[in-house]
Amino acid sequence: MNPFEITPKPLESTLMDWNEIRPVSYNKRDVDPYTRTRVILMNGTEFEANWFSHQFSRNCDNNDVRRALALIRRSEQMQQKLISLIKPVDETLLEHTIGYEQLAVDLTAQLARHEPDQYVKKALDFALLEDFDHLYRYADFLDMETNEKAEELVGRYTEIMPGRPTVSEYRHPFDSIRYHIDNKKAAPQTRLCVGIITAAEQQTMNYYMNVCGAYHNDRGRWLYQEIGMIEEQHVTHYGSLMDPRATWFENLLMHQYTEAYLYYSCMETETCPRIRPIWEKLFEQEISHLHAAAKLLCKYEGKDWRKVVGGDGSFPAPLKLQSNIDYVRDVQGRSVQMTAKRENYKCVNDLDSRDEFFCYQNIVNHDLSSVQSHTIIEDYIKRNGKDYRFEVAPNPIPQLRDRTSDNTDVGRTPGASDACMM
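So, here is what we can say about the structure in this document.

1. Some details on the packing of aromatic side chains
Counted according to the given criterion, the structure contains 25 aromatic pairs. Each ring, one from Phe 47 and one from Trp 51, has its centre 6.1 Å from the other, and the planes form 50°; the classification is tilted. Residue Phe 47 and its partner Trp 51 are both found in helix α1 (residues 33-58); the two are separated by four residues, about one turn of the helix. Using a relative accessible area of 26% as the deciding quantity, one classes Phe 47 as partly exposed.

2. As for the packing of helix α4 (residues 118-146) against helix α6 (residues 188-211)
In contact at an axis separation of 12 Å, α4 and α6 are set at 30° when each is read in the N-to-C sense. By the angle between their directions, the pair α4 and α6 is classed as roughly parallel. For the crossing formed where α4 meets α6, the hand is left-handed. Here Val 120, Leu 124, Asp 131 and Tyr 138 of α4 lie close against α6, whose contacting residues are Thr 190, Cys 193, Val 194, Ile 197, Glu 201 and Tyr 208. Classifying every residue of the contact of α4 with α6 by side-chain character gives seven nonpolar, one polar and two charged.

3. A few points about the pairing of strand β2 (residues 344-347)
Residues Tyr 345 and Cys 347 of β2 are buried on one face, while the alternating residues Asn 344 and Lys 346, pointing to the opposite face, are not. The pairing of strand β1 (residues 338-341) with β2 spans four bridges and is classified as antiparallel. When the bridges of β2 are listed, Lys 341 appears paired with Asn 344. The turn linking β1 back onto β2 is made up of two residues, and Arg 342 within it adopts a positive phi angle of 50°.

4. A closer look at the state of the cysteines
Scanning the entire structure with this criterion turns up one disulfide. Across the disulfide, Cys 347 is cross-linked to Cys 420 (sulfur-sulfur distance 2.0 Å). Placement of the pair is Cys 347 in strand β2 and Cys 420 in the segment after α13 (372-384), with a sequence separation of 73 residues. Taking relative accessible area as the criterion, Cys 420 reaches 28% and is therefore assigned partly exposed. Free of any disulfide, Cys 359 has its nearest cysteine sulfur in Cys 347, 18 Å distant. On the basis of relative accessible area, Cys 359 is assigned to the partly exposed category, the value being 43%.

The rules behind each value
Residues numbered from 1 in each chain as written. Predicted model: local features only at pLDDT ≥ 70, side-chain atom pairs only at ≥ 80, totals over all residues. Heavy atoms only, no water. Phe/Tyr/Trp six-rings, centres within 6.5 Å; stacked < 30°, edge-to-face > 60°. Helix = DSSP H or I, 4+ residues; strand = E, 2+ residues; numbered from the N terminus. Buried < 20%, exposed > 50% of the residue type's maximum accessible area, 1.4 Å probe, protein only. Axes fitted to C-alpha atoms, helices over the stretch in contact; angles between N-to-C directions. Parallel < 35°, antiparallel > 145°, perpendicular 65-115°, else oblique. Left-handed = near helix turned anticlockwise from the far one by under 90°. Contact = heavy atoms within 4.5 Å. Nonpolar A, V, L, I, M, F, W, Y, C, P; charged D, E, K, R; others polar. Pairing = 2+ DSSP bridges. Disulfide = S-S within 2.5 Å.

Listed below in structure tokens is the structure:
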């Protein structure tokens with residue numbers, strides 16, 4: 001599929017009336033989990049595109065360009081409003097959160113499995129274990145609050161068990177900055193990957209920022225608050241991979257190309273017959289946005305889109321959200337004891353006792369009884385005798401197999417595990 005070979009419709013034709021942006025929502029009781037996660041992914045992709053467009057407009061002194069951006073942005077706002085209402089009104093905040101974390105796990109794993117740049121792959125594998133652990137924490141909280149089993153929500157496609165414990169994920173801000181890619185040398189797949197994962201994690205960060213104060217009790221408020229801080233680390237981690245030397249017009253084109261690729265992927269992999277036509281319609285609209293961005297790039301920077309996208313513009317194989325249990329287990333078993341150290345990664349066992357990792361941990365986590373991601377599990381165990389999990393086999397890390405106590409040492413304390421290979 002080459003989107004540049006498709007004749008676009010006029011931009012004005014992408015504007016919709018109210019009835020067009022009020023879809024029939026999916027049924028939360030029988031929806032495929034990956035339909036739910038596709039909705040979350042595309043909501044986040046549109047959010048990223050909209051806020052990039054706003055920032056571009058605020059940093060541009062040419063009103064003709066600003067008007068062109070405003071027209072594309074208005075259409076994308078309508079797309080986002082449509083997507084947001086695919087979620088049904090009876091899907092609770094916690095149920096929706098399980099979808100967010102399943103998306104984070106399986107999207108990250110799927111991208112990592114196909115990523116040719118080994119440095120970018122390491123960044124994906126590293127954060128994967130942290131979102132994997134968040135799914136476990138929220139799943140126990142869901143069962144504690146509603147007696148609902150998250151394994152049903154994830155369709156048993158994604159395991160639910162401790163990853164790198166959330167308490168171990170807090171690092172000094174200096175250690176969240178990665179080396180950026182070089183757009184002129186990076187494979188098109190890599191450029192797409194970095195844009196996709198940054199948008200997805202940013203959507204999760206924004207979601208938790210907004211809902212943490214809205215949850216109906218302090219247990220939930222504090223859990224969203226805490227995990228939301230890790231999502232901020234992830235957005236910094238992934239966002240720093242982007243090439244900061246790209247121009248505003250180049251970035252505009254890549255945003256539209258990424259959106260078009262993801263809508264194409266959604267319509268190619270969607271299993272719900274009522275949802276698939278939505279992806280087809282939005283893909284057609286995104287083709288118009290993409291061609292408009294290519295014209296702006298040519299007009300104002302004299303550049304052909306091929307120099308930005310790379311190759312002949314053809315999409316890689318569609319991104320398919322699917323089960324990645326074996327892949328996650330492999331990453332867990334190799335690298336759970338790793339932490340970030342400036343632009344690279346280092347085993348906690350090898351850090352100096354005065355390292356900033358331990359200093360920062362002592363600031364935020366010196367009182368474990370105040371770490372909500374930990375106390376939620378401990379409270380669940382007190383009530384039920386053991387934690388809630390969905391595992392197809394024992395945890396690949398022996399120290400994380402005990403279901404009667406929440407481990408706060410793995411990934412945080414030297415010697416807690418020997419899984420130190422990225």
